[in-house]
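# Fold and geometry: a report
These are the residues of each chain, in order.
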Amino acid sequence: MTAFAPDSLVLNRKLPLWYQVSQSLRASILGRSPGASLRLPTEEQLATHYGVSVLTMRQALKELEAEGLISRHRRRGTFIEPGARRGAPRKLLGSIDAIVAQQSGELTTILGQGPAPVPGELVEYFPDVAEVVLYKRLRCDGESGEPTNWAENAVRSEIAASVDIADLERWPMTKVLRDVVGVRISKITDTVEATLADPVTADLLKVPLLSPILHYTGVTYDQDGRVVDVARIRYRGDRFSFSVTLDAH
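Quick look at the structure, then. The structure presented is a predicted model; accordingly, all values stated were derived computationally and were not measured.

The subject of this paragraph is unusual backbone geometry. Notably, Arg-75 is not glycine yet its phi reads approximately 75 degrees, a positive angle. Position of Arg-75 among the secondary structure elements: in the loop between strand 1 (70–73) and strand 2 (77–80). Residue class for Arg-75 comes out exposed when judged on its relative accessible area of 79%. Unlike most non-glycine residues, Leu-210 shows phi in positive territory, near 70 degrees. By the element assignment, Leu-210 lies in the loop between helix 8 (199–205) and strand 8 (212–222). Residue classification places Leu-210 among the partly exposed residues on the basis of a relative accessible area of 29%.

Looking along a regular strand, one sees side chains alternate from face to face of the sheet. Burial runs high along strand 5 (residues 131–141): eight of the 11 residues are buried. Examined bridge by bridge, strand 4 (residues 106–117) and strand 5 share 11 bridges and lie antiparallel to one another. Paired with Thr-109 across the bridge in strand 5 is Leu-138. In this sheet, strand 6 (residues 147–156) lies alongside strand 5 in antiparallel orientation, the contact comprising nine bridges. Paired with Cys-140 across the strands is Pro-147, a residue of strand 6. Joining the antiparallel neighbours strand 5 and strand 6 is a turn of five residues, in which Gly-145 adopts a positive phi near 80 degrees.

Turning to helix 2 (residues 43–50), a few remarks are in order. Regarding helix 2, the residues found buried are Glu-43, Leu-46, Ala-47 and Tyr-50. For helix 2, the arc enclosing every buried residue in end-on projection is 100 degrees, short of the 170-degree limit, so these residues lie on one face. Close packing links the buried residues of helix 2 with helix 1 (17–30), helix 3 (54–67) and strand 1. Directly after helix 2, the chain includes Gly-51, whose backbone phi takes a positive value near 75 degrees.

Rules and cut-offs
- Residues numbered from 1 in each chain as written.
- Predicted model: local features only at pLDDT ≥ 70, side-chain atom pairs only at ≥ 80, totals over all residues.
- Heavy atoms only, no water.
- Helix = DSSP H or I, 4+ residues; strand = E, 2+ residues; numbered from the N terminus.
- Buried < 20%, exposed > 50% of the residue type's maximum accessible area, 1.4 Å probe, protein only.
- Pairing = 2+ DSSP bridges.
- Arc of directions from axis to C-beta.
- Contact = heavy atoms within 4.5 Å.

Structure representation (structure tokens):
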């Protein structure tokens, strides 16, 4: 069994140190390797690792204990609760059907849709147009109703004209574009990065501000090589991880 190794943290002096440490340690606990030890390092070792006082570390651990993620035992130490697990990994596989499948099975609420100037960070994908149609959706777990992710799609205006908003309440954008609108998709490029929850994301996903999230960007190309849709999805960091399978043949 491997030792538990918490992630490092760059501290923001504008936020309470105990809060930042608790959120970083929380993400490490939920994202730990299956074979990692359930025993945490001592308060002193954790305080040294994060560069904070023992008092600050103790307050951070108290927060995690209140969440039920850890238990503390005098003389024995601090242990991760065995049930503290994140959701099942999202697998980024090599087919469009797999991408459609991984986005299905959730309750979807339309937050808004309409034409807008191309966002500055997406200009490289839409160099020939000044305006796109933006769709914003919140997805919740089908059983608990708990928010899991929210998505923002930027779609070419001429293609968006054929998108029925009701279809987006039932199916992912990829399925709607391919099977309903009739776009001949040639490829989708995926990028996943770790980031922190901004105020909008924190409010929608019901997580603390600056807590860890996974930011997925999917760029969809048609048969002519044009970008027809850019999806940006923010996943709760305590619910999802991503794995990639590469075929060696």
